[in-house]
Amino acid sequence: MESQATLILIKPDGLKKSLTGNILTRLSETKLEIVAAKMVRVSRELAAEHYQHLKDKPFFEDVLRYLMGEFHDRRKVMALVYWGPGACAKCRALAGATNPEEADSVSIRGSYGRITTRGVYENVIHVSAHAEDAEREIKLWFEPDEVIVDLYPTKNVVESREKRAWL
Ligand code: IDP
Ligand code: MG
């Protein structure tokens, strides 16, 4: 099987419920390699771009607010890239179905997810559906230099913008 990458997000409910260690332990069963990881404060623009395929759904606004952390008082997600053979399928199998009530009860979403009274599927993690989605999503969440393997072709650009540096 060919190596591929997949984007994992531990969503704000996963962080608030202190499930990070648990989720990473579950995912380690895949024997995939973690090639990028960081905490991200999610802007509306990033959330909307990430969930662009849902923009016509009635729950779109709530899903953006969920990913931005507005329902959990935790304005952050943990973003990781897992890499190896069949990465998307392996991680999605462990994650379980989108609807936490339909997810296998021992899957991550089946164990820890819930449907809120607002109707949001709070399902703890995101996993890219397939290699094509993974490429789009990883390019959205990570710069090339934040990933320790060369996943996709890059180009060199000269940037002269002001940025913060350590004092
Ligand atoms: P996925 O996360 O399993 O790939 P998508 O269809 O891409 O599922 O939906 C993205 C996220 O939007 C889901 O993880 C879930 O949080 C939310 N969502 C999807 N469908 C529904 C729905 O019918 N009601 C409420 N929330 C939903
Ligand atoms: Mg999806």
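Before reading on, note that the structure itself is shown above.
Summary of the structure given here. (Residues numbered from 1 in each chain as written. Chains lettered and ligands numbered in written order. Predicted model: local features only at pLDDT ≥ 70, side-chain atom pairs only at ≥ 80, totals over all residues. Heavy atoms only, no water.)

1. Describing the overall build of the protein chain
Right, so step 1: Helix and strand counts for the protein chain come out as seven helices and six strands.
Right, so step 2: Helices and strands in the protein chain line up, N terminus first, as β-α-α-β-α-α-β-α-α-β-β-β-α.
Right, so step 3: Radius of gyration (C-alpha) of the protein chain: 16 Å, near the 15 Å computed for a compact globule of 167 residues.
Right, so step 4: Projected onto its principal axes, the C-alpha coordinates of the protein chain cover approximately 50 × 35 × 35 Å.
Right, so step 5: The buried share of the protein chain, reckoned over its 167 residues, is 42%. (Helix = DSSP H or I, 4+ residues; strand = E, 2+ residues; numbered from the N terminus. Rg over C-alpha atoms; globule rule 2.2 N^0.38 Å. Buried < 20%, exposed > 50% of the residue type's maximum accessible area, 1.4 Å probe, protein only.)

2. Things to note about the pairing of strand β1 (residues 3-10)
Right, so step 1: Burial analysis of β1 places six of its eight residues in the buried class, the great majority of the element.
Right, so step 2: Judged from the three bridges that link them, β1 and strand β6 (residues 125-127) form a sheet pairing that is antiparallel. Pairing of Ile10 across the sheet is with Ile125, part of β6. (Pairing = 2+ DSSP bridges.)

3. Here we look at the side chain of Asn123
Right, so step 1: Tracing the sequence through the fold places Asn123 in the loop between β5 (121-122) and β6.
Right, so step 2: Those residues within four positions of Asn123 in sequence are excluded, and the remaining contacts are Lys11, Asp13, Tyr66, Thr98, Arg109 and Gly113. (Contact = heavy atoms within 4.5 Å.)

4. Description of the layout of surface pockets
Right, so step 1: The computed volume of the largest pocket comes to approximately 710 Å³.
Right, so step 2: Roughly 470 Å³ of internal volume is contained in the second largest pocket.
Right, so step 3: In terms of lining, the second largest pocket is formed by 23 residues, of which the most central are Lys11, Tyr51, His53, Leu54 and Thr98.
Right, so step 4: Of all the secondary-structure elements, those providing two or more residues to the lining of the second largest pocket are α4 (60-68), β6 and α7 (131-141).
Right, so step 5: Looking at the lining of the second largest pocket residue by residue, the class counts come to 10 nonpolar, seven polar and six charged. (1 Å grid on protein atoms, 1.4 Å probe; cavity = no way out; pocket = protein on both sides within 12 Å on 5 of 7 lines; lining within 4 Å. Points joined across faces, edges and corners; volume = space filled by probe spheres on them. Nonpolar A, V, L, I, M, F, W, Y, C, P; charged D, E, K, R; others polar.)

5. What about the site of ligand 1?
Right, so step 1: The local shell around ligand 1 holds 13 residues, among which His53, Thr98, Arg109, Tyr121 and Asn123 are the closest.
Right, so step 2: A distance of 2.9 Å separates an oxygen atom of ligand 1 from a polar atom in the backbone of Tyr121.
Right, so step 3: Within the side chain of Asn123, a nitrogen or oxygen atom sits 2.8 Å from an oxygen atom of ligand 1.
Right, so step 4: If you map ligand 1 onto the pockets, it falls in the second largest pocket. (Near = heavy atom within 4 Å. Polar contact = N/O pair within 3.5 Å; in protein donor to acceptor, adjacent residues only side chain to side chain. Sits in = over half its atoms within 2 Å of the grid points.)

6. Topic: the packing of aromatic side chains
Right, so step 1: Throughout the structure, instances matching the rule amount to zero aromatic pairs.
Right, so step 2: One cation-aromatic arrangement involves Lys38 over Phe142; the distance from NZ or CZ to the ring centre is 4.7 Å. (Phe/Tyr/Trp six-rings, centres within 6.5 Å; stacked < 30°, edge-to-face > 60°. Lys NZ or Arg CZ within 6 Å of the ring centre and 35° of its normal.)

7. Side note on helix α5 (residues 87-95)
Right, so step 1: Among the residues of α5, those classed as buried are Ala87, Cys88, Cys91, Leu94 and Ala95. End-on view of α5: buried residues confined to an arc of 135°, all on one side of the axis. In α5, the exposed residues that point more than 90 degrees away from the buried face are Ala89 and Ala93.
Right, so step 2: Taken together, the buried residues of α5 touch β1, α2 (20-28), β3 (77-85), α6 (108-112), β6 and α7. (Arc of directions from axis to C-beta.)

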